[in-house]
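Next come the chains, spelled out residue by residue.
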Protein chains: 2
Amino acid sequence: MKIVVDAMGGDFAPQAVVEGAVLATREFGFPVILVGLSDAIQEELDKYEDAKNLPIEVHHADEVVEMHDSPSKALRTKKKSSMKIGLDLVKEGEGEAFISAGNTGAVLAYSTIILRPLKGVDRPAIAIQLPTLQGSAILLDAGANVDCKSNQLFQFGIMGHVYAKYILGLDEPGVGLLSIGEEDGKGNEVTKEAFRWLSKSHIRFIGNVEAKEVYRGNADVIVCDGFTGNVALKISESLAEMIGTNLKTLFTSGIVPKMGYLMLKGRLREFKKSVDYSEAGGAPLLGVNGVVIIAHGSSNAKAVKNAILRAHEFVEKKVNQHIREDIEYNLDSKGSFWQHIKEIVAGHDENGGVPNKTPTSPKAVLEESEEELEPETTDETPTEEPDKP
Amino acid sequence: MKIVVDAMGGDFAPQAVVEGAVLATREFGFPVILVGLSDAIQEELDKYEDAKNLPIEVHHADEVVEMHDSPSKALRTKKKSSMKIGLDLVKEGEGEAFISAGNTGAVLAYSTIILRPLKGVDRPAIAIQLPTLQGSAILLDAGANVDCKSNQLFQFGIMGHVYAKYILGLDEPGVGLLSIGEEDGKGNEVTKEAFRWLSKSHIRFIGNVEAKEVYRGNADVIVCDGFTGNVALKISESLAEMIGTNLKTLFTSGIVPKMGYLMLKGRLREFKKSVDYSEAGGAPLLGVNGVVIIAHGSSNAKAVKNAILRAHEFVEKKVNQHIREDIEYNLDSKGSFWQHIKEIVAGHDENGGVPNKTPTSPKAVLEESEEELEPETTDETPTEEPDKP
């Protein structure tokens, strides 16, 4: 299994990225392909005596997507960028995962266009691991999709379930829908419909979760649209910053001794990093046909190493295969889900309520996307038929 | 000017409410009408020797809306509740403001139905005053409207501007639109359109504000839909709680001495209260044809007293009149705003873009709502024609 790394992405590229690749290959032994300006990469590699013996390949790419480039412009004009070429390698099967600490919007755009969404997935989502009083929780979407339909929220729920089950190792992760009240009927039009869909899925859907519950950790997975997710994460960052400043004031006024302040400060900074999705050593972009990890622009070598390890884990634990299977299971098994969708649509008509916009159901999305997607190239077959994936 | 207070609303009613009214009338001298079960209210009043000399009237109401009542059920079945009768008094001009620490959803529903929205306002919004590094900021809507259209966000902007200008006393408050990026083009479909409308208004619109900026205090007013606003406030509460727990752990591990911990804990608790809209001594429901203050269920006498003072301030500073004038100004002045709306609609048609849903503009909302609204009963006339309200 080869991990493809964008050597030109991030504030400290290529230095930090090359060093991260050296650390990862030394420690874990699996091969890495560094993509970018080969001379610059080689110059960095030459700094390590053992680099020649490490399983690192260099793959040349002429262009670099800059942090300030608009994603759409990058897509149109930089056809030879390290991002484009790196993702092409994954698409062609040369590598099994792609990591970049570069321009997040561009990684998102390139990944969606080049790798395409997984069968059954409408749009990929960024999943963040948050600290909670009970450990951690996964929140998605953290900002990839500002306008979401209910079928997308449903898919995010399934993807979050798979992440928590196979990567966090939770047997039956509790999946909650972020809303403005715990009661079933609370929410906006989109969440109310997503609630009904998630209720009928095979995952342990724990219903609506109020934002005040997020850091209590009672939900393992928190589902929301990318606009709300972005606001929730960024305002948390803002509050941690304000509390940090208040602590500093207390410190400088001599009430809290230095030792205590520094410990608190450290925790707050740690928290601030953990809610900034790209700081957390890499947030997966779930739902594309390949493993993509988005690392923070300011990633140091250690962060790059961790991102490489995480990418390896996603490939090894077949996260994408599980996502596809779990979505299909909900769409097909005994027709129950499909039946349910019909009931919803019928119910809506009776109420003279909200008309369904396209696409009307995950099934429809699936059929629609099937037409334009390349067939999956996977030689992994499930060892047994899951009775409940 | 009489302030009408729901004596039966809140966890400690009627005791805390009656005490709050006593404190307020003693200190400020303006009259208060207590509405509810008259025997219970009188019993509480009899505890104060000077009560007979205070300007407190008791107005009987047979029924009480309970905290767990569904707002729609309360509306239908409790026609003699203290909320209904209290709001009727305001509608009939017997009182000029209404305060309740009772069921928030019911206050919202009753207020909208009985007082009706102000001319030019589609839906009322709950406005919260948040602490920031620079003092405070107003966030609206904090949860009254889960599904908002862009014209509503535009109206929230105007209402927030008026609140900040006349109540906080800021000359030219900076009004920002909560979004996922600072750049003009960032946001979802609704915020993008609201951005264009706010850009052409007379208020100091500072553009998009990212959630990470909220507690930095660079915006005096933050505009968002009620779903996002609720999530932003509640997740802040959740984070403050988690940080508080972490501080406690540090404390019990003996690293931070008790003194410092207690101070920090106090600040966090204070913060937690301030983001819980109803804790903050009362959050105004802006945009109804009368002053309504929603106080927290757990309000003590001091909180009730503060809410009475705040209500008085809203009446005295003619907040509703300013909201109406400012919205009209944007709709009518020299036709420029209307022209702008036409441009937007034309632009949309050219782009084959998002069709406008009903209502298509604030103007349309205004005309639409005018038909069903009673004429305003105000004897206040502006002393001079504002060139820029």
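Data block above holds the structure.
A brief look at the structure comes next. (Residues numbered from 1 in each chain as written. Chains lettered and ligands numbered in written order. Predicted model: local features only at pLDDT ≥ 70, side-chain atom pairs only at ≥ 80, totals over all residues. Heavy atoms only, no water.)

Grouped together as the largest cluster of nonpolar side chains are 97 residues, with contacts concentrated most on A:Phe98, A:Tyr110, A:Val292, B:Phe98, B:Tyr110 and B:Val292. Ranked by residue count, the leading element in this core is helix H8 (residues 226-252) of chain A, at 10 residues. (Core = buried A, V, L, I, M, F, W, Y, C linked by side-chain atoms within 4.5 Å. Buried < 20%, exposed > 50% of the residue type's maximum accessible area, 1.4 Å probe, protein only. Helix = DSSP H or I, 4+ residues; strand = E, 2+ residues; numbered from the N terminus.)

A word on the sheet that holds strand E8 (residues 174-179) of chain B. All names here are of chain B. Within the open sheet, the 5 strands sit side by side as E6-E7-E10-E8-E9. Their pairing is mixed. Taken across any chain shown, the strands that pair with only one partner, and hence form the sheet edges, are strand E6 (128-132) and strand E9 (204-210). Strand-to-strand twist in this sheet, taken as the mean axis angle between neighbours without regard to direction, amounts to 30°. Alignment of E8 against strand E10 (residues 221-223), held across 3 bridges, turns out to be parallel. Looking at E10, one finds that Val-175 is bridged to Val-221. (Pairing = 2+ DSSP bridges. Axes fitted to C-alpha atoms, helices over the stretch in contact; angles between N-to-C directions.)

Time to look at the sheet that holds strand E11 (residues 283-286) of chain B. Residues and elements named next belong to chain B. In spatial order, the strands read E3-E2-E1-E4-E12-E11-E5; together these 7 strands make up an open sheet with mixed pairing. In this open sheet, the two edge strands, each paired with only one partner strand, are strand E3 (56-60) and strand E5 (125-126). Two strands pair when backbone bridges link them, and E11 and strand E12 (residues 291-294) are joined in this way by 2 bridges, in the antiparallel orientation. The residue bridging Pro-284 from the neighbouring strand is Ile-293, located in E12. Across the face of the sheet, helix H2 (residues 38-45) comes into contact with strand E2 (32-36) and E3 while running at roughly 155° to E3. (Contact = heavy atoms within 4.5 Å.)

Interfaces are often sized by the accessible area lost when the parts come together. Listed by partner, the interface residues are 48 residues for chain B and 48 residues for chain A. Across the chain B/chain A interface, buried area totals approximately 4500 Å², and carbon plus sulfur atoms make up 75% of it. In this structure, the connection of chain B to chain A is made through 4 salt bridges. One salt bridge connects A:Glu241 with B:Arg216, and the closest N-O pair in it is separated by 2.6 Å. If you list the elements that add at least two residues to the side of chain B that touches chain A, you get E6, E8, helix H7 (189-199), helix H8 (226-252) and helix H9 (258-275) of chain B. Element by element, the count of residues in the side of chain B that touches chain A is highest for H8(B), at 19 residues. A per-class count over the side of chain B that touches chain A returns 26 nonpolar, 12 polar and 10 charged. (Buried area = accessible area lost by both parts, 1.4 Å probe. Salt bridge = Lys/Arg side-chain N within 4 Å of Asp/Glu carboxyl O. Nonpolar A, V, L, I, M, F, W, Y, C, P; charged D, E, K, R; others polar.)

This next bit is on the pattern of salt bridges. Once the charged atoms of two side chains with opposite charge are near each other, the side chains can pair. Inspection of every chain in the model, using the stated rule, returns 28 salt bridges over all chains. Via salt bridges that share partners, A:Glu210, A:Lys212 and B:Lys234 belong to a single interconnected network.

Residues and elements named next belong to chain B. Positionally, Lys-305 belongs in helix H10 (residues 301-316). Of note is the side chain of Lys-305, whose polar atom sits 2.9 Å from the side chain of Glu-27. Once residues lying within four places of it in the same chain are set aside, the contact partners of Lys-305 are Gly-20, Leu-23, Ala-24, Glu-27 and Phe-28. (Polar contact = N/O pair within 3.5 Å; in protein donor to acceptor, adjacent residues only side chain to side chain.)

It is worth spelling out unusual backbone geometry at this point. Phi is mostly negative for residues that are not glycine, and the peptide bonds are mostly trans. Residues and elements named next belong to chain A. Cis peptide bonds are those with omega within 30 degrees of zero, and the linkage from Ala-13 to Pro-14 qualifies with -5°. Relative to the helices and strands, Pro-14 is located in the loop between strand E1 (3-6) and helix H1 (15-28). Despite not being glycine, Arg-116 has its phi angle at roughly 70°, a positive value. Looking at the element boundaries, Arg-116 is found in the loop between helix H5 (104-115) and strand E5 (125-126).

Keep in mind that these numbers describe shape and distance, not what the molecule does.
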